[in-house]
Amino acid sequence: MDRDRSLDIAVTGIAARFPGASDLSAWWSAVLAGTVLTTRLDRQQLLADGVPAHLVDDPDYVPARGYLADADRFDNALFRVSPRDAEMMDPQHRLMLEAAWSALDDSGAGRAGPAPVTAVFASGSGSGYLRAMLAAGPLDPATLDAAIHGTEPDFIASLIAYKLGLTGPALAVQTACSSGLVGVHLAVQSLLAGDCDRALVVAAGIDYPQAGHLHMPGGIQSVSGECRPFDAAADGVVAGSGVVCVVLTRLADAGDEAPPYGVITGTAINNDGAARAGYYAPAASGQEAVIRAAYQAAGIDASSVGYLETHGTGTAIGDPIEWSAASAVLSALGARPGQVAIGALKANVGHLDAAAGLASLVKALLVVREGIVPPVAGFTALNPLLESEGSPLFVPAGASAWAGPGPRRAGVSSFGIGGTNAHVLVEQPPPAAPASPRTGGEPADAPRLVVLSAAGPQALDRARAALGRHLATSGHELADVARTLAAGREPLPERLAVTARTCAGLAGALAGGTRGRRPASGPAPLVFLFPGQGTQVPGMALPLAAALPGFAAALEHCLATFDQALAPYGANWGWRLRRALHDPGFPAAELAATALAQPAMFAVGHAATVALAGLGLAPSAVAGHSLGEITAAAAAGMISLEAACTLVAARGQAMQACPEGAMLAVGVGEQEAREIAADAGLELAAVNGPDSCVLAGPVATVEATRARLEGLVFTRVLRTSRAFHSALIEPALPALRKALDQVRLAAPSVPLAACATGQLLAAGASADPAMLAQSARQPVRFAAGLAAIAAALPGAIAVEAGPGRALSGFAEAAGLTAVPLSPGRTAAPDEETLAALGTLWAAGQPVNVAALCPGGRAVHLPGYQFAGPRWLAPEVRAVAGRARLAPSPGGPAASAATVLAASAAPATTAAAMATGAAAMATGAAAPGAADVLAGLWAELLGHSALTDESDFFELGGDSLLATHLARRINRELGIKMPLRQMLACSTLGRQAALVRDLLAV
């Protein structure tokens, strides 16, 4: 029967870290194999982590746990968290931040822009980390404040929203063991109510230290150290550590995200109230009611459900009550005997506390997606206290294919201490939509730009390796991979851009590509360079049209304008111009004719400028070579498209009427070029670089000069039929001046390098149209123009917006970084144009790379490869040291010196404080104000490599920490530091100057 799906919620992203597994795929394989992932902990490690020796050596101590490796690592730099703040954060908070980032990556939806409105529902277990800090003794108020904000569960949801830029509701959800699944229910309700468009539900259960437990007779914790839910040998639960995050969105709105893992069809929560035997005891009536309510919300009965992921603690009271309640309600709702296989994740990983229900949801989603039912790990025989006769429940003995009805549906239960119950129903994901048709009839092997980024070079290398491994087995389409990485990931400073035509090709290309780093000060200024006649080739518009969105439309608009501008000179000019630009077989000699070449060159340069602007790239200065000066003037807003086309058409026709001539590029400086020209009867036409000039004159003279110089200096005859910038072009000047009489040049919006003088025409300066006639006759001072730009815009990147790369070499010689947009005659020009755009993106330019990935869909790809430093607060380390060195029964006492050494601050904090705090600690000399300030920075931020340019906020500081800094300055130096001025002076040098000024008053 068809069901109304308007209220269905898709799960589009998952991130999880579980005991005993390196990633979600490895964990799922272990679950399918029925592998127990809990660990017997080593005594020395327990002592090193701070578990008291007398407890470790107690006969009733059970050193078993679902141990999460590397739980102390945190990529603080990615989240702009200072080292000191990272030390003070509970590992749960650190890993929830990372999980939230990874889950959004996995969803393929990205974080950029104001929409969708994303909510956060976060749950954490009680902070053993805070308790460890307090065990060292009372903390000073500022440290205690930081510790509370970094460890208490109230703050993690809003911290995630702040660090990831999420604008929906951000709520802490705390209902003990059921917190994660209750968070799912609240997120679903928030989505259905329209409070948000997307929701993150994240939960962690990571105690500090990760240790075993002291078994208490009659308690719920296992004496054997094994959790065996519903088993005859069950003797209690084992703790585990983990973190889970899921991304939820309305199914109707999930089209732009990666294929759903599954669909949530109904949720419910309630509380047992007073129906329990005691506060800690479960109640069958409450569990039945919550399951029944979830089915009612979903609009289904139990006849269609084949799997139930239970709460499954393996306890003497909990298991029979849960089995009885689930059996009763599922039977009443239509489930047949033996229909529903049960799962119990705690048998694999232990009890993840606040994250337990969310982890169970992930397992159930994979069950319905993959259609495989895992066994209950370690199961031997059914607990005889369970009423199995006629029950719809059964315990699967091994992994098996889904045997229940379709569509595959499952339930998930989570019950919290104190009686808050949650139940969620999930269904297999709907069939994937057909692939989007390729845009513009592009070929199947069309090149794609693929981008990766990370916070640092090592993280980028890890991302590259992870993607390569994934591509080897994924079967993805390259268009989908490119789209997901471009549109679904936040661009980070360290960058890699590669081009490929297949996923196999991409896997190989990942070893190379263009690497770069976005400058901390912002993108380098861009300079657009526009070539003149001589670099044209037939079909030169094709690679740009294939690679640049918006280029074809802008070119057609320009060509339509040329249709009008060329009409006075005869028929067929517009047709010939289009064919020359789009047909590689067009005769090159015909395109070399000035009347055709100049409109063609202008049209390509203008369309490239419009397309680059559509990708987010705008020049800070422009320069054009000869004809290119008109293209540059149009790009700078000095002349309208209509006026420019009219002028270019008149210029080309007038110069076409001039006597034939030729131009010769010579690899010499200006003085030597003038000498060669004087000897040969030629003229200097252009000075392009220190050792690059162009001579012009009659064809025969140019050829004779080339022959004479052959073998002595570099020479090349340019693809022109006229001797531009020489006396042979003078017959064209009257017509050019007449055309310019109709032109009024506006002030440039960005500086323009004038061809005739090589000087910069500043933005906003008045411009005389006569400059365009003057530059047609006089030598082009392109080298001088580039030098002026390089002086005005240090570190600028020059983009050659036209065919070939002739101007790029001149730009490099002038000290600019050059990126030719179109390589000209190559085997794969469209791929090289994409690579050029990737080079700009890798250098930190704001290229809208998502616009370069048409037709792709979001897919699940490896997320950020976290491997941050290890963090441990010195307050915690001191306690761990004392616990490690405390005597075991009958053992020797540690010496005072040994205890003192063990409780010293960690290397990171000690180094951070060395800058100024060490000087303050010595009594040899009173430190200067700058030393005191540097010491306070080091202490509060945890950074040691400080300079005058170090920025408080870039190092992880915030307004609260600034308040602490101001208070410490007041106390240490006896001055009243104005907080507003201190915030405005965010660098160490400026704050030091402010301190000196205040001390001088």
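What you see is a predicted model; the values in this text were computed from it and never measured. (Residues numbered from 1 in each chain as written. Predicted model: local features only at pLDDT ≥ 70, side-chain atom pairs only at ≥ 80, totals over all residues. Heavy atoms only, no water.)

Would you take a moment to explain the overall build of the chain for this structure?
Check the secondary structure of the chain and you find 38 helices and 30 strands. In terms of overall dimensions, the chain has a C-alpha envelope of 110 × 85 × 50 Å along the principal axes. In the chain, which comprises 1001 residues, the proportion classed as buried is 56%. For the chain, the proportion of contacts with a sequence separation of at least 24, taken over those separated by at least 6, is 77%. Positive and negative side-chain charges of the chain, numbering 65 and 82 respectively, have mean locations separated by a distance of 3 Å. (Helix = DSSP H or I, 4+ residues; strand = E, 2+ residues; numbered from the N terminus. Buried < 20%, exposed > 50% of the residue type's maximum accessible area, 1.4 Å probe, protein only. Contact = heavy atoms within 4.5 Å. Lys, Arg positive; Asp, Glu negative; His and termini not counted. Charge placed at Lys NZ, Arg CZ, Asp CG, Glu CD.)

What is the right way to read the packing of aromatic side chains from this model?
The relation between two aromatic rings is expressed through the spacing of the ring centres and the mutual angle of the planes. A complete count under the given rule lists 14 aromatic pairs for this structure. Arranged with centres 6.3 Å apart and planes meeting at 10°, the rings of phenylalanine 79 and phenylalanine 866 form a pair that is stacked. Placement of phenylalanine 79 in the loop between strand 4 (64-65) and helix 4 (83-88) and of phenylalanine 866 in the loop between helix 30 (829-842) and helix 31 (874-885) is noted, with a sequence separation of 787 residues between them. Centre to centre, the rings of tyrosine 129 and tyrosine 208 are 5.3 Å apart; their planes meet at 90°, and the pair counts as edge-to-face. Here tyrosine 129, found in helix 6 (residues 128-135), pairs with tyrosine 208, found in the loop between strand 7 (198-205) and strand 8 (213-214); they are 79 residues apart in sequence, far enough to count as distant. (Phe/Tyr/Trp six-rings, centres within 6.5 Å; stacked < 30°, edge-to-face > 60°.)

What's the story with the confidence of the model for the chain in this structure? I'm lost.
Keep in mind that low pLDDT regions are not for reading the predicted coordinates in detail. For the chain, per-residue confidence averages 89 on the pLDDT scale, and 93% of positions sit at 70 or higher. When the criterion is pLDDT under 50, residues 885-926 qualifies, and its contacts beyond four places in sequence or with other chains add up to 49 contacts. (pLDDT = per-residue confidence, 0-100.)

Honestly, a nonpolar patch on the surface in this entry has me stumped. Any pointers?
A cluster of nonpolar side chains, Tyr279, Tyr280 and Ile417, forms an exposed patch at the surface whose accessible area comes to about 390 Å². Within the element layout of this structure, tyrosine 280 appears in the loop between strand 10 (262-271) and helix 10 (284-298). The exposure class assigned to tyrosine 280 is exposed, which follows from its relative accessible area of 65%. (Patch = residues over 30% accessible without salt bridge, like charges linked within 9 Å, V, L, I, M, F, W, Y side chains within 5 Å. Areas by Shrake-Rupley, 256 points an atom, 1.4 Å probe, with all protein chains shown as cover. Salt bridge = Lys/Arg side-chain N within 4 Å of Asp/Glu carboxyl O.)

How do you make sense of the side chain of histidine 351 when you look at a structure like this?
Tracing the backbone shows histidine 351 in the loop between helix 12 (346-349) and helix 13 (356-370). What makes histidine 351 buried here is its relative accessible area of 12%. Separated by 2.9 Å, the side chain of histidine 351 and the backbone nitrogen of aspartate 353 make a polar contact. In contact with histidine 351, not counting residues within four places along its chain, are Cys177, Val237, Val238, Ala239, Gly240, His311, Thr313, Lys346 and Ala356. (Polar contact = N/O pair within 3.5 Å; in protein donor to acceptor, adjacent residues only side chain to side chain.)

Looking at this structure, how should I read the packing of helix 10 against helix 11 (residues 318-332)?
If you want to describe how two helices pack, look at the angle between their axes and the distance between the axes. Here helix 10 crosses helix 11 at 40°, and the two axes come no closer than 9 Å. Between helix 10 and helix 11, the angle is such that the two are oblique. When you trace helix 10 past helix 11, the crossing you get is right-handed. On helix 11, the residues touching Ala284, Gln287, Glu288, Ile291, Arg292 and Tyr295 of helix 10 are Ile321, Glu322, Ala325, Ala326, Ala328, Val329 and Leu330. (Axes fitted to C-alpha atoms, helices over the stretch in contact; angles between N-to-C directions. Parallel < 35°, antiparallel > 145°, perpendicular 65-115°, else oblique. Left-handed = near helix turned anticlockwise from the far one by under 90°.)

Mind showing me how you'd approach the environment of glutamine 759 here?
One can find glutamine 759 in the loop between strand 27 (752-753) and strand 28 (760-761). Owing to a relative accessible area of 54%, glutamine 759 belongs among the exposed residues under this scheme. What glutamine 759 contacts, discounting residues up to four positions off in sequence, is Leu752, Ala753 and Ala754.

Before we go on, may I ask you to explain a negative patch on the surface in this structure?
Where like charges cluster on the molecular surface, the negative patch consists of Glu672, Glu675, Asp679 and Asp691. Tracing the chain through its elements places aspartate 679 in helix 24 (residues 670-680).

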